[in-house]
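Structure at a glance
Single-letter residue listing:
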Amino acid sequence: MTSGAGTDLGGLLESLRDTLIVSCQAYPGEPMRDPEVMARVARAAVIGGAAAVRVQGLADIRATVDAVDVPVVGLWKDGSDGVFITPTLEHARAVADAGAQIVAVDGTRRPRPDGRTLAQTIAGLRDTHDVLVMADCGSLEDALAAQRAGADLLGTTLAGYTGERPRTDGPDLDLITLTAAACEAPVIAEGRIHTPAAAAQARRAGAFAVCVGTAITHPSTITGWFVDAITADG
């Protein structure tokens, strides 16, 4: 094992039960698109009570691991279409090497760029790194397949983005409920959770933990919500 050797993975997993994970990401070209800025955003989220943070990009992961004392869910977005969330084994290993204790990967049943299956990717990662794997899924079928492939956590991250399910206005509560009932692996509710009330709904629907990003860490979008509301009301 070259990363996280000796990690108590069971304890790490249990530490996420009934908690909030905060996704700290900024898009290329945005003012906050800087690893140190994202690390500071992560620190602020931890002060607010986040039990873990989700971070994109190797530089951001490295900066955040040094800045916080909670687990880091790391991912590497490469591309913008199809499978682009930590799409290959090499990406997954690099994320783990950067210090992420939990590696988030595309957990859909779509073909992966390197030709490996999800099961092969997870097995290959575990051959070299002592980490948990979160599978970002878009449907119940994805989640069941990801569980069979060995994923430790099942995220609803891609619900509404793969063509298998409609894109709901808020979190896909039906998918959370279905997945929690059908799968033994813990479900992380993620995607379009824009209010505390929606986060509570996701938890009641069966989520093991809830991950919120945009509504907490993306000020441009949050500002737009308020501008739109004021404009519409006028």
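Everything discussed here concerns the structure shown above.
Okay, so let's go over this structure. (Residues numbered from 1 in each chain as written. Predicted model: local features only at pLDDT ≥ 70, side-chain atom pairs only at ≥ 80, totals over all residues. Heavy atoms only, no water.)

Oppositely charged side chains can pair when the atoms bearing their charge come close. According to the stated counting rule, one finds 13 salt bridges in the structure shown. Of the charged contacts in the structure, one is a salt bridge between D136 and R54, with a shortest N-O distance of 2.6 Å. Here D136 is found in strand 5 (residues 132-136), whereas its partner R54 is found in strand 2 (residues 52-56), with 82 residues between them in sequence. Residue classification places D136 among the buried residues on the basis of a relative accessible area of 0%. Residue class for R54 comes out buried when judged on its relative accessible area of 2%. One salt bridge connects D172 with R165, and the closest N-O pair in it is separated by 2.6 Å. The partly exposed category is assigned to R165, whose relative accessible area is 21%. (Salt bridge = Lys/Arg side-chain N within 4 Å of Asp/Glu carboxyl O. Helix = DSSP H or I, 4+ residues; strand = E, 2+ residues; numbered from the N terminus. Buried < 20%, exposed > 50% of the residue type's maximum accessible area, 1.4 Å probe, protein only.)

Going through the model one piece at a time under the given rule, you end up with zero disulfides. Considering cysteine sulfurs only, C183 is the nearest to C137, which forms no disulfide, with 8.0 Å between them. (Disulfide = S-S within 2.5 Å.)

Here we come to helix 8 (residues 196-204). Listing the buried residues of helix 8 in full gives A198, A199 and A202. Buried residues along helix 8 cover an arc of 105° about the axis, so they all sit on one side. Among the exposed residues of helix 8, those pointing more than 90 degrees away from its buried face are P196, A197 and R204. Against helix 7 (173-182), strand 7 (187-190) and strand 8 (209-212) lie the buried residues of helix 8. Positive backbone phi, approximately 125°, marks G206, located one or two places after helix 8. (Arc of directions from axis to C-beta. Contact = heavy atoms within 4.5 Å.)

As a further point, take the side chain of D106. Looking at the secondary structure, you find D106 in strand 4 (residues 102-106). By relative accessible area, D106 is classed as buried at 1%. Of the polar contacts made by the side chain of D106, one reaches the side chain of T108; its length is 2.6 Å. A distance of 2.8 Å separates polar atoms of two side chains, one belonging to D106 and the other to R110. With sequence-adjacent residues up to four places away left out, D106 is seen in contact with G82, V83, F84, I85, T86, R112, L118, D136 and L158. (Polar contact = N/O pair within 3.5 Å; in protein donor to acceptor, adjacent residues only side chain to side chain.)

Leaving glycine out, the prevailing phi sign among residues is negative, and the prevailing peptide bond configuration is trans. Backbone geometry places T86, a non-glycine residue, at a positive phi of 40°. Relative to the assigned elements, T86 resides in the loop between strand 3 (72-75) and helix 4 (89-97). Note on T86: relative accessible area 0%, which makes it buried. Of note, R192 is a non-glycine position whose phi angle comes to about 60°, a positive value. For R192, the position within the fold is in the loop between strand 7 and helix 8.

Purely spatial values, then, with no claim about function.
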